[in-house]
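# Structural characterization, general
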Amino acid sequence: MAIKNKNNQVSDKNIISVVKTARIHMWLVGIFMLATILFDSGNLITHELVAWRWTAAGLLLGLSILVWYFARLLSVRWVPFLVSALIIGDIAFATFNVYTQRGMASKAVMLFVIPIIVSLLLQRTSAVLATTGLCVAAYSVAAVRYFHIYFGEGYRVELYGEVGFYSALMFVIAGLLIATNRSTLKT
């Protein structure tokens, strides 16, 4: 067995974390697909929405499998690219779900926490804050766009209040994650 220095141990931990995170994403997709099957069997969502949800889940699953595979194959210098791919996929998945679940009325806003948590793998405070900013931008676009395309499903003050509250909440969650992981994060 080869002797590892401290840098190799850190590198191995980073790769293992990315592999585990990709596996957890596979579980997320499985749970999402199961929920879609249940909603469809109860006629709670349209056939068109089932097809769109299945497509979104399939794309996130494919991305997760690719990240899982390449994290095991490539060197540690690829970790930021793989993690960034997961973050972008997570943000797109959350945005899709917020939009298709009635914008500001959507409970899927919780999905935006996932890319914020995943950004901790980059071990940089700036990465967590940048990811949070992207989540806020994507959420606000989805909610405002849905509101104006399907006008009359709420009030403007409610829309901007919800967008403001959940955007602030995302930054509060990011701040808490930064504060509780201060020892592992760089600026």
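Definitions and cut-offs
- Residues numbered from 1 in each chain as written.
- Predicted model: local features only at pLDDT ≥ 70, side-chain atom pairs only at ≥ 80, totals over all residues.
- Heavy atoms only, no water.
- Helix = DSSP H or I, 4+ residues; strand = E, 2+ residues; numbered from the N terminus.
- Contact = heavy atoms within 4.5 Å.
- Lys, Arg positive; Asp, Glu negative; His and termini not counted.
- Charge placed at Lys NZ, Arg CZ, Asp CG, Glu CD.
- Buried < 20%, exposed > 50% of the residue type's maximum accessible area, 1.4 Å probe, protein only.
- pLDDT = per-residue confidence, 0-100.

### A short note on the overall build of the protein chain
Within the protein chain, the regular secondary structure consists of six helices and zero strands. Principal axes of the C-alpha set define a box for the protein chain whose edges measure 65 × 35 × 20 Å. The contacts in the protein chain between residues at least 6 apart in sequence include a share of 70% that link residues at least 24 apart. Across the protein chain, the 15 positively charged side chains and the 7 negatively charged ones have centroids separated by 18 Å.

### Comments concerning the environment of His148
Residue placement: His148 occurs in helix α5 (residues 125-149). We classify His148 as partly exposed; its relative accessible area is 39%. Here the alpha-carbon distance between His148 and Thr95, two residues 53 residues apart in the chain, equals 16 Å. Those residues within four positions of His148 in sequence are excluded, and the remaining contacts are Arg156 and Tyr160.

### Examining the side chain of Thr21
With respect to the element layout, Thr21 can be found in helix α1 (residues 6-41). Those residues within four positions of Thr21 in sequence are excluded, and the remaining contacts are Leu86, Val118 and Leu121.

### Some details on the confidence of the model for the protein chain
When the pLDDT values of the protein chain are averaged, the result is 90; 94% of them are 70 or greater. Confidence, expressed as mean pLDDT per element, reaches its minimum in the protein chain at α1 with 86 and its maximum at helix α4 (residues 113-118) with 97.

### Topic: the environment of Val18
Mapping Val18 onto the fold places it in helix α1. Take Val18: its relative accessible area is 1%, and that puts it in the buried class. C-alpha separation for the pair Val18 and Glu162, spaced 144 residues apart in sequence, amounts to 33 Å. In this structure, Val18 is in contact with Val67, Ala71, Val79, Leu82, Val83 and Leu121, ignoring residues within four places of it in sequence.

### Re unusual backbone geometry
The backbone phi angle of Asn43 is positive, close to 55°, even though this residue is not glycine. With respect to the secondary-structure elements, Asn43 resides in the loop between α1 and α2 (47-73). Located in the positive-phi region is Arg102, a residue other than glycine, with phi close to 75°. Positionally, Arg102 belongs in the loop between α3 (79-100) and α4. Here Arg102 falls in the partly exposed class, since its relative accessible area comes to 45%.

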